[in-house]
Amino acid sequence: MNLTSQHFLPHAVTSLPTSYELLKEEHEVAVLGAPVSPAPHSSAPMTSTVINIHSETSVPDHVVWSLFNTLFLNFCCLGFVAFAYSVKSRDRKMVGDLTGAQSYASTAKCLNICALVFSLLLIIGFIILLATGTVMSLQAFSQTVKDHGGY
């Protein structure tokens, strides 16, 4: 083990060298925003600033789907309520509140899905009832004709 003392900074001097003042001045200029070209004798690292520009996040507001459900498949006014939430989502998006816009859009999407499913089930049920009712009425008519001899 060597007991001799070693300086932490071997080239350190008690007085401030002129290169330090230049580096300090370059740093102050860099902080102010002027571009600084690195000096050939400077060993100071170049600092850079990264600016993240967020692209505009597209939040679907489902206005067209809600309008379609309101006009054609308005089961229990679910289409109209979905349209109201879609308009609220579009308003939030225009203000810049993307979280609120996503929340309203999600609610509008769920209401649109419910309106679509319930309306399609209603239409399918009506078609089934119409088809079975037609078959039943034809059977009843043919039975009546058979029983009464034609008239």
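Quick caveat, the model's predicted, so the values are computed rather than measured.

Chemist: Any details on the side chain of Thr 70? Residues and values, ideally.
Modeler: One can find Thr 70 in helix H2 (residues 63-71). Owing to a relative accessible area of 17%, Thr 70 belongs among the buried residues under this scheme. Side-chain polar atoms of Thr 70 contact the backbone nitrogen of Phe 80, separated by 3.4 Å. Beyond its immediate chain neighbours, meaning those up to four positions away, Thr 70 contacts Gly 79, Phe 80 and Phe 83.

Chemist: Now, about the packing of aromatic side chains: what can you tell me, with residues and values included?
Modeler: Tallied over the full model, the rule gives 3 aromatic pairs. Considering the side-chain rings of Phe 75 and Phe 118, the 5.3 Å spacing of their centres and the 50° angle between planes classify their relative orientation as tilted. Of this pair, Phe 75 sits in the loop between H2 and helix H3 (78-95) while Phe 118 sits in helix H4 (residues 98-148), placing them 43 residues apart in sequence. A residue is classified by how much of its surface remains accessible, and Phe 75, at 26% relative accessible area, is partly exposed. Under the relative-accessibility criterion, Phe 118 is labelled partly exposed at 38%. Residues Tyr 85 and Tyr 104 carry aromatic rings whose centres are separated by 5.8 Å and whose planes lie at 45° to one another, so their mutual orientation is tilted. Of this pair, Tyr 85 sits in helix H3 while Tyr 104 sits in helix H4, placing them 19 residues apart in sequence. Residue Tyr 85 is classed as partly exposed on the basis of its relative accessible area, which comes to 26%. When the ring centre of Tyr 85 is taken as reference, the NZ or CZ atom of Lys 88 above it lies at 5.4 Å.

Chemist: Any chance you could break down the packing of H2 against H3 for me, citing the residues and the numbers?
Modeler: How two helices sit against one another is set out by the angle between their axes and by the gap between those axes. Orientation of H2 relative to H3, taken along the N-to-C sense of each, is 160°, at an axis distance of 8 Å. With respect to H3, the axis of H2 lies roughly antiparallel. In the crossing of H2 with H3, the sense of the turn from one axis to the other is left-handed. Listed contacts from H3 to Val 63, Ser 66, Leu 67, Asn 69 and Thr 70 of H2 are Gly 79, Phe 80, Ala 82, Phe 83, Ser 86 and Arg 90.

Cut-offs and rules
Residues numbered from 1 in each chain as written. Predicted model: local features only at pLDDT ≥ 70, side-chain atom pairs only at ≥ 80, totals over all residues. Heavy atoms only, no water. Helix = DSSP H or I, 4+ residues; strand = E, 2+ residues; numbered from the N terminus. Buried < 20%, exposed > 50% of the residue type's maximum accessible area, 1.4 Å probe, protein only. Polar contact = N/O pair within 3.5 Å; in protein donor to acceptor, adjacent residues only side chain to side chain. Contact = heavy atoms within 4.5 Å. Phe/Tyr/Trp six-rings, centres within 6.5 Å; stacked < 30°, edge-to-face > 60°. Lys NZ or Arg CZ within 6 Å of the ring centre and 35° of its normal. Axes fitted to C-alpha atoms, helices over the stretch in contact; angles between N-to-C directions. Parallel < 35°, antiparallel > 145°, perpendicular 65-115°, else oblique. Left-handed = near helix turned anticlockwise from the far one by under 90°.

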